[in-house]
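Reading the structure
Here is what each chain is made of, one letter per residue.
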Amino acid sequence: MASVRVRFAPSPTGHLHIGNARTAIINWIFAKKTGGTFILRIEDTDIERSTETLMESIFEDLKWLGLDWQEGPEVGGEFGPYRQSERLEIYRQHLDILKSKELAYPCFCTSDELEEKSKEAKARGKDLYYDRKCLNLPKQEKSDFEKAGRKPVWRFYVSPGGIEWQEPVKGTQAFDGGNFGDFVIMRSDGIPTYNFAAVVDDTLMQISHVIRSDDHVSNTPKQILLYRALGFELPQFVHIPMILGPDLNRLSKQHGATPVGDYKAKGYLPEVLINFLSLLGCSSQSEQEFLPIEKLVSEFDFSRMSKSPAIFDTVKLNCVNGNYILALELDELIFLAAPFLESAGIDPSDRGKLENIFSIIKKNVECLGQIPELVKPFYRDSIRLTDGQAIALYSKDVSQKIYWAFLRYLQSYDHLDAGKFIEIMKLVQKETGIMGKDLWAPIRVALTGQIHGPELPKTAEILGKEKCEGFVRELVD
Ligand code: GLU
């Protein structure tokens, strides 16, 4: 088999989102698995909506995910340029080929005219095909338009007939060629449409497998017609079922953070996203929810991918991310958490203290972005309650009773550790007759400011006697 060459072809009209990232990941894994080449191509033909900033942000997110490309912007390659806006001459040349075969013709219809036609078609319950008005436009009319400065779009002449092809995941695909009418391949400003540019580029870049989300499956018959018309060989098409939200609608903001950058900002790990997105809608050979990248690559197979859409389950993602964090060495976790702590104004330089804190909060962390909130209680000088439930609890008579007793027993210890804290709590229980949650919750509120949190004896040990005493004192009348 010829060497595998796959591409990820984002349009820089938006940030890299979860759906596109999954396409990139699958292409990258497939290239790794087959010893092939992963190519990045920027499809920036939508001049108005494409921006440099968005392109840079796509590069940054791909790099953060660890998806390195062997050909493309920044790295170059034999088949460049890799930005469609720099390839306009190439598309023009290919339009000339189609013109010479009489498979492309200029269309001078204005958008108002086209809209009118589509309204009429709709009213008659017909589909909105182009009526080929300009196919046999009299010469005179054509030159009149040209003289008037009207610039035509170029349409591809669609011959009738069925189009059928085979895919690894979705099996046989069949479309009726007449189903879409003569479509536009070049706009009047000389910018190619997506279908045309993609076919030219995929061929010239020697792409062997076009792997993309199945919302592009309806573009494929048009592309196949163009391949045939240009005398190009077809690549293997692989359309992967889309990702849907749990409500079975297309993935959107509503289902959580869809831009990859938002996941990064929340503290999801790139390895987790790679795992989660590549296994979405797949059965993994080892039936595990997390695999090292090498294993993901070696086990990857399109035959394990389901034909039906994959459901994006944030709860499961959080769980996988949390498990990944739990399995991290403390050193590594501190390293990864440091930027999150710093941006919350917490100095991460006392590693000993952080190791102690992380050893007790680790199991409550689903993403790194939650860490500052969990760590804050250990870094404050004053308790200043803000939680409504905590405020209601501390002022109760029984809580006050507990605080006074706690302070008294604390006096007889010159320093506090988890064991001593438990001894004190037992003494307080004996004296007040209050036990269980009723006893522990007010103390938790005093030491952490929160109703829930990590194990209290260890928390008290990390805070130390002085802080515990000071915090409880703040809350007594
Ligand atoms: N620019 C297209 C997109 O972002 C690429 C589709 C394709 O892979 O052919 O959806």
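Rules of the game
Residues numbered from 1 in each chain as written. Predicted model: local features only at pLDDT ≥ 70, side-chain atom pairs only at ≥ 80, totals over all residues. Heavy atoms only, no water. Disulfide = S-S within 2.5 Å. Buried < 20%, exposed > 50% of the residue type's maximum accessible area, 1.4 Å probe, protein only. Pairing = 2+ DSSP bridges. Helix = DSSP H or I, 4+ residues; strand = E, 2+ residues; numbered from the N terminus. Axes fitted to C-alpha atoms, helices over the stretch in contact; angles between N-to-C directions. Near = heavy atom within 4 Å. Polar contact = N/O pair within 3.5 Å; in protein donor to acceptor, adjacent residues only side chain to side chain. Areas by Shrake-Rupley, 256 points an atom, 1.4 Å probe, with all protein chains shown as cover. 1 Å grid on protein atoms, 1.4 Å probe; cavity = no way out; pocket = protein on both sides within 12 Å on 5 of 7 lines; lining within 4 Å. Sits in = over half its atoms within 2 Å of the grid points. Nonpolar A, V, L, I, M, F, W, Y, C, P; charged D, E, K, R; others polar. Parallel < 35°, antiparallel > 145°, perpendicular 65-115°, else oblique. Left-handed = near helix turned anticlockwise from the far one by under 90°. Contact = heavy atoms within 4.5 Å. Patch = residues over 30% accessible without salt bridge, like charges linked within 9 Å, V, L, I, M, F, W, Y side chains within 5 Å. Salt bridge = Lys/Arg side-chain N within 4 Å of Asp/Glu carboxyl O. Lys, Arg positive; Asp, Glu negative; His and termini not counted. Charge placed at Lys NZ, Arg CZ, Asp CG, Glu CD. Expected span 1.5 Å × (residues − 1). Core = buried A, V, L, I, M, F, W, Y, C linked by side-chain atoms within 4.5 Å. Points joined across faces, edges and corners; volume = space filled by probe spheres on them. Phe/Tyr/Trp six-rings, centres within 6.5 Å; stacked < 30°, edge-to-face > 60°. Lys NZ or Arg CZ within 6 Å of the ring centre and 35° of its normal.

1. Re the state of the cysteines
Evaluated as defined, the whole model comprises zero disulfides. The structure places no disulfide on Cys319, whose sulfur is separated from the nearest cysteine sulfur, that of Cys367, by 12 Å. In this structure Cys319 comes out as partly exposed when scored by relative accessible area, which is 38%.

2. What to know about the sheet that holds strand β3 (residues 104-107)
One open sheet holds the three strands; their spatial order is β3-β4-β7, and the pairing between them is antiparallel. On the outer flanks of this sheet lie β3 and β7 (184-186), each paired with one strand and no other. Between one strand and the next, the sheet's axes are offset by a mean angle of 45°, whatever the strand orientation.

3. Structural notes on the site of the ligand
Near the ligand the following residues occur: Arg7, Ala9, Pro10, Ser11, Glu43, Tyr194, Arg212 and His216. Ser11 is positioned such that a nitrogen or oxygen atom in its side chain is 3.0 Å from a nitrogen atom of the ligand. Glu43 places a polar side-chain atom, nitrogen or oxygen, 2.6 Å from a nitrogen atom of the ligand. Here the ligand, which alone exposes 290 Å², has 84% of that area covered by the protein. The pocket occupied by the ligand, as judged from atoms lying within 2 Å of grid points, is the largest pocket. Here the shell around the ligand is composed, by residue class, of three nonpolar, two polar and three charged.

4. Brief notes about the packing of helix α6 (residues 194-204) against helix α7 (residues 220-230)
Between α6 and α7, whose axes approach to 9 Å, the crossing angle comes to 55°. With respect to α7, the axis of α6 lies oblique. Crossing hand, α6 versus α7: right-handed. On α7, the residues that touch Tyr194, Asn195, Phe196, Ala198, Val199, Val200, Asp202 and Thr203 of α6 are Lys222, Gln223, Leu226, Tyr227 and Leu230. Of the residues contributing to the contact of α6 with α7, the split by class is eight nonpolar, three polar and two charged.

5. Considering a negative patch on the surface
The grouping of Asp112, Glu115, Glu116 and Glu120 at the surface amounts to a negative patch. Summarising the element assignment, Glu115 is placed in helix α4 (residues 111-123).

6. A few points about helix α1 (residues 18-34)
Across its 17 residues, α1 extends 24 Å between first and last C-alpha, which sits within 8% of the 24 Å expected from 1.5 Å per residue. For α1, a buried count of twelve out of 17 residues is recorded, marking the element as mostly surrounded by other parts of the structure. Among all positions of α1, only Ile18, Ala21, Arg22, Thr23, Ala24, Ile25, Ile26, Asn27, Trp28, Ile29, Phe30 and Ala31 are buried. Of the residues trailing α1, Gly35 is marked for its positive phi of about 65°.

7. Focus: the nonpolar core
In this structure, Phe358, Ile361 and Ile371 are the most contacted members of the largest nonpolar core, which totals 105 residues. The dominant element in this core, judged by the number of residues it contributes, is α1, at nine residues. Beyond its immediate sequence surroundings of up to four residues, Ile371 is in contact with Leu333, Ala337, Leu341, Phe358, Ile361 and Val365.

8. Structural notes on the pairing of strand β5 (residues 162-167)
Taking every second residue as pointing to the same face, the buried face of β5 carries Ile163, Trp165 and Glu167, while none of Gly162, Glu164 and Gln166 on the other face is buried. Of the pairings in the sheet, the one linking β5 to strand β6 (residues 171-176) comprises six bridges and is antiparallel in character. When the sheet's bridge partners are listed, Trp165 is paired in β6 with Gln173. In sequence, β5 turns back onto β6 through a hairpin of three residues.

9. Considerations on the layout of surface pockets
Estimated volume of the largest pocket: approximately 860 Å³. Taken together, 32 residues line the largest pocket, and the ones lying closest to its centre are Ser11, His17, Asn20, Asp215 and His216. Among the elements of the structure, β1 (5-8), α1 and β8 (209-213) are those that each provide at least two residues to the lining of the largest pocket. Within the lining of the largest pocket, the residues separate by chemical class into nine nonpolar, 14 polar and nine charged.

10. Here we look at the packing of aromatic side chains
Using the criterion set out here, one finds 16 aromatic pairs in the structure. A centroid spacing of 6.5 Å and a plane angle of 65° characterise the contact between Phe30 and Phe300, whose relative ring orientation is edge-to-face. With Phe30 in helix α1 and Phe300 in the loop between α10 (293-299) and β11 (310-311), this pair connects stretches of sequence that are 270 residues apart. For the pair shown, Phe30 and Phe300 are each scored as buried. An aromatic cluster is present here, built from Trp165, Phe175, Tyr227 and Phe237 joined pairwise through their rings. Of note, Arg155 hangs over the ring of Tyr130, and the distance from its end group to the ring centre comes to 3.7 Å. Over the ring of Tyr379 we find Lys353; its NZ or CZ atom is 4.1 Å from the centre of that ring.

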